[in-house]
Amino acid sequence: MATLMANLLVKAFFALFLISATTAVGDSPFIIAHKKASLTRLKSGAERVSVSIDIYNQGFSTAYDVSLVDHSWPQDEFDVVSGNISQSWEKLDAGGILSHSFELEAKRQGMFYGAPAVITFRIPTKAAPQEAYSTSILPLDILAEIPPEKKFDWRLLAKYGSQISVISIVALFIYLMVTPSKSSGVKASKKKR
């Protein structure tokens, strides 16, 4: 009974995959959007979030009246420094790419989980606008306390560098004197014959 159920589920998933693949390669736009965010710490102690959204049309026809809206950045936590959180384009050709970026400044400290951006577009064969969603971003730890990095202390190398080099040269010389060379071993084996 369990194998019958599992077999039925596999067939259902396979059919769903074929239907979705057929829809994706049909004569319509297939919009994929990728949202990226990165943090930059300023010398003043503030932190800026750079957001970039790339929109790809992987379908075989043009998408018209493409608009992007990203309302996942609350106004009480972020100020828009440059750019806009929304953008519109007249069309996105098949195989085309659109990019949009903006920069925000964080007001509060803590973890932030951003939602996907919403892309709406129109297909000439359908009256209702279509929607697509971007990927969501990884959680951002805004204004986090970053422990100082332990850097290599170049002062020690400057202070003890000459002693270290002399000791290593002496050790190399002793090693070469103690280990037998291969050429004398080859000569000894020839003399025994």
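To keep things clear, this report deals only with the structure shown in the data block. All values derive from a computational prediction rather than experimental measurement.

1. Structural notes on the sheet that holds strand 5 (residues 86-92)
For step 1, the next point in the chain: Pairing in this open sheet of four strands is antiparallel, and the strands run 5-3-8-9 from one edge to the other. The sheet terminates laterally at strand 5 and strand 9 (130-133), the two strands that pair on one side only. On average, adjacent strands in this sheet sit at an angle of 20° to one another, irrespective of strand direction.

2. Here's the deal with a nonpolar patch on the surface
For step 1, the next point in the chain: A grouping of Val-166, Val-170, Phe-173, Ile-174, Met-177 and Val-178 is seen on the molecular surface, where their side chains present a nonpolar patch of about 630 Å² in accessible area.
For step 2, the next point in the chain: Tracing the backbone shows Phe-173 in helix 2 (residues 154-178).

3. Considering the pattern of salt bridges
For step 1, the next point in the chain: For the coordinates displayed, the defined rule picks out eight salt bridges.
For step 2, the next point in the chain: Across the pair Asp-79 and Lys-107 runs a salt bridge, and its minimum N-O distance is 3.2 Å. Residue Asp-79 is located in strand 4 (residues 78-82), and its partner Lys-107 is located in the loop between strand 6 (97-106) and strand 7 (110-112); the two are separated by 28 residues in the primary sequence.
For step 3, the next point in the chain: For Asp-79, a relative accessible area of 39% corresponds to the partly exposed category.
For step 4, the next point in the chain: In this structure, Asp-93 engages Lys-91 in a salt bridge whose closest nitrogen and oxygen atoms are separated by 3.8 Å.
For step 5, the next point in the chain: The class for Asp-93 is partly exposed, based on a relative accessible area of 39%.

4. Re the sheet that holds strand 4
For step 1, the next point in the chain: The antiparallel open sheet is built from four strands, whose spatial order is 1-2-6-4. At either end of the open sheet lies a strand with only one pairing partner, and these are strand 1 (31-41) and strand 4. Averaged over all pairs of adjacent strands, the angle between strand axes in this sheet comes to 30°, irrespective of strand direction.
For step 2, the next point in the chain: Where strand 1 meets strand 2 (residues 47-57), 11 bridges bridge the pair, whose relative direction is antiparallel. In the sheet register, Ile-31 faces strand 2, and the bridge partner there is Asn-57.

5. What to know about the packing of aromatic side chains
For step 1, the next point in the chain: This model, assessed by the stated rule, comprises three aromatic pairs.
For step 2, the next point in the chain: With centroids separated by 4.9 Å and ring planes inclined at 20°, the aromatic side chains of Trp-73 and Phe-112 adopt a geometry described as stacked. Highlighted residues: Trp-73 in the loop between strand 3 (63-69) and strand 4 and Phe-112 in strand 7, separated in sequence by 39 residues.
For step 3, the next point in the chain: You can call Trp-73 buried: its relative accessible area is 6%.
For step 4, the next point in the chain: With a centroid separation of 5.0 Å and 75° between ring planes, the pair formed by Phe-78 and Phe-112 is classed as edge-to-face. Here Phe-78 is found in strand 4, whereas its partner Phe-112 is found in strand 7, with 34 residues between them in sequence. Each member of the pair Phe-78 and Phe-112 is classed as buried.
For step 5, the next point in the chain: The rings of Trp-73, Phe-78 and Phe-112 are connected pair by pair, giving a single aromatic cluster.

6. So, the nonpolar core
For step 1, the next point in the chain: Counting residues in each nonpolar core, the largest one holds 27 residues, and the members touching the most others are Ile-31, Ile-55, Val-66, Trp-73, Phe-78 and Ile-119.
For step 2, the next point in the chain: Of all the secondary-structure elements, those providing two or more residues to this core are strand 1, strand 2, strand 3, strand 5, strand 6, strand 8 (118-122) and strand 10 (140-142).
For step 3, the next point in the chain: Non-local contacts of Ile-119, meaning those with residues more than four positions away in its chain, are made with Ile-31, Ala-33, Ile-55, Val-66, Ser-67, Leu-68, Gln-130, Glu-131, Ala-132, Tyr-133 and Ser-134.

7. What to know about the side chain of Ser-134
For step 1, the next point in the chain: Topologically, Ser-134 is positioned in the loop between strand 9 and strand 10.
For step 2, the next point in the chain: Discounting residues that sit within four places of it in the chain, Ser-134 has contacts with Ala-33, Lys-35, Pro-116, Ala-117 and Ile-119.

Rules of the game
Residues numbered from 1 in each chain as written. Predicted model: local features only at pLDDT ≥ 70, side-chain atom pairs only at ≥ 80, totals over all residues. Heavy atoms only, no water. Pairing = 2+ DSSP bridges. Helix = DSSP H or I, 4+ residues; strand = E, 2+ residues; numbered from the N terminus. Axes fitted to C-alpha atoms, helices over the stretch in contact; angles between N-to-C directions. Patch = residues over 30% accessible without salt bridge, like charges linked within 9 Å, V, L, I, M, F, W, Y side chains within 5 Å. Areas by Shrake-Rupley, 256 points an atom, 1.4 Å probe, with all protein chains shown as cover. Salt bridge = Lys/Arg side-chain N within 4 Å of Asp/Glu carboxyl O. Buried < 20%, exposed > 50% of the residue type's maximum accessible area, 1.4 Å probe, protein only. Phe/Tyr/Trp six-rings, centres within 6.5 Å; stacked < 30°, edge-to-face > 60°. Core = buried A, V, L, I, M, F, W, Y, C linked by side-chain atoms within 4.5 Å. Contact = heavy atoms within 4.5 Å.

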